[in-house]
Amino acid sequence: MTHHTDDTTDNTVLVTDPICGMPIDPATAATTREHGGTTFYFCSIGCAKAFDADPHRYGHP
């Protein structure tokens, strides 16, 4: 049985929005931010704004 989703292709590696935890395709992220040499991907501008307000809170695992 083959499963198909409209959200990603079989080769897509999803990343996690550090604010809301949503898995997203980096190619279709609403926006990105660079922090501490790492690129962060966001599902929405709202999540990016929350990150901008306190990047150290979210930018470190």
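Residues numbered from 1 in each chain as written. Predicted model: local features only at pLDDT ≥ 70, side-chain atom pairs only at ≥ 80, totals over all residues. Heavy atoms only, no water.

Whenever I open this one, the overall build of the protein confuses me. Can you help?
Tallying secondary structure elements over the protein gives two helices and four strands in all. A buried classification covers 20% of the 61 residues belonging to the protein. A separation threshold of at least 6 residues defines the contact pool for the protein, and within that pool the share at least 24 residues apart is 24%. When the accessible surface of the protein is totalled, it reaches about 4,500 Å², and 52% of it is carbon and sulfur. (Helix = DSSP H or I, 4+ residues; strand = E, 2+ residues; numbered from the N terminus. Buried < 20%, exposed > 50% of the residue type's maximum accessible area, 1.4 Å probe, protein only. Contact = heavy atoms within 4.5 Å. Areas by Shrake-Rupley, 256 points an atom, 1.4 Å probe, with all protein chains shown as cover.)

I keep staring at the confidence of the model for the protein and nothing clicks. Help me out?
Detailed reading of the predicted coordinates is not advisable wherever pLDDT is low. Residues at a pLDDT of 70 or more form 82% of the protein, whose mean pLDDT is 87. Of all secondary-structure elements in the protein, the lowest mean pLDDT belongs to helix α2 (residues 55-58), at 90, while strand β2 (residues 23-24) reaches the highest, 98. Across residues 1-5, confidence stays below pLDDT 50; counting only partners more than four residues off in sequence or on other chains, it has zero contacts. (pLDDT = per-residue confidence, 0-100.)

Please clarify how the nonpolar core should be interpreted in this entry.
One broad trend across soluble globular proteins is that nonpolar side chains are buried collectively. Residues Phe-40, Phe-42, Cys-47, Ala-48 and Phe-51 constitute the largest nonpolar core, which totals five residues. Listing elements by their share of this core, those giving two or more residues are β4 (38-42) and α1 (45-53). By residue number, the principal contributor to this core is α1, which donates three residues. Excluding residues within four positions of it along the chain, Phe-42 makes contact with Asp-17, Pro-18, Ile-19, Ile-24, Ala-29, Ala-30, Thr-31, Thr-32, Arg-33, Cys-47, Ala-48 and Phe-51. (Core = buried A, V, L, I, M, F, W, Y, C linked by side-chain atoms within 4.5 Å.)

How should I be thinking about the side chain of Asp-17 in this particular structure?
Structurally, Asp-17 can be placed in the loop between β1 (15-16) and β2. No salt bridge forms around the buried Asp-17; measuring N to O, its nearest opposite-charge neighbour Arg-33 is 10 Å away. Within the structure, the side chain of Asp-17 is placed 3.4 Å from the backbone nitrogen of Cys-20, a separation counted as a polar contact. At 2.8 Å, the side chain of Asp-17 and the backbone nitrogen of Cys-43 are in polar contact. If sequence neighbours within four positions are ignored, Asp-17 has contacts with Met-22, Tyr-41, Phe-42, Cys-43, Ser-44 and Cys-47. (Lys, Arg positive; Asp, Glu negative; His and termini not counted. Salt bridge = Lys/Arg side-chain N within 4 Å of Asp/Glu carboxyl O. Polar contact = N/O pair within 3.5 Å; in protein donor to acceptor, adjacent residues only side chain to side chain.)

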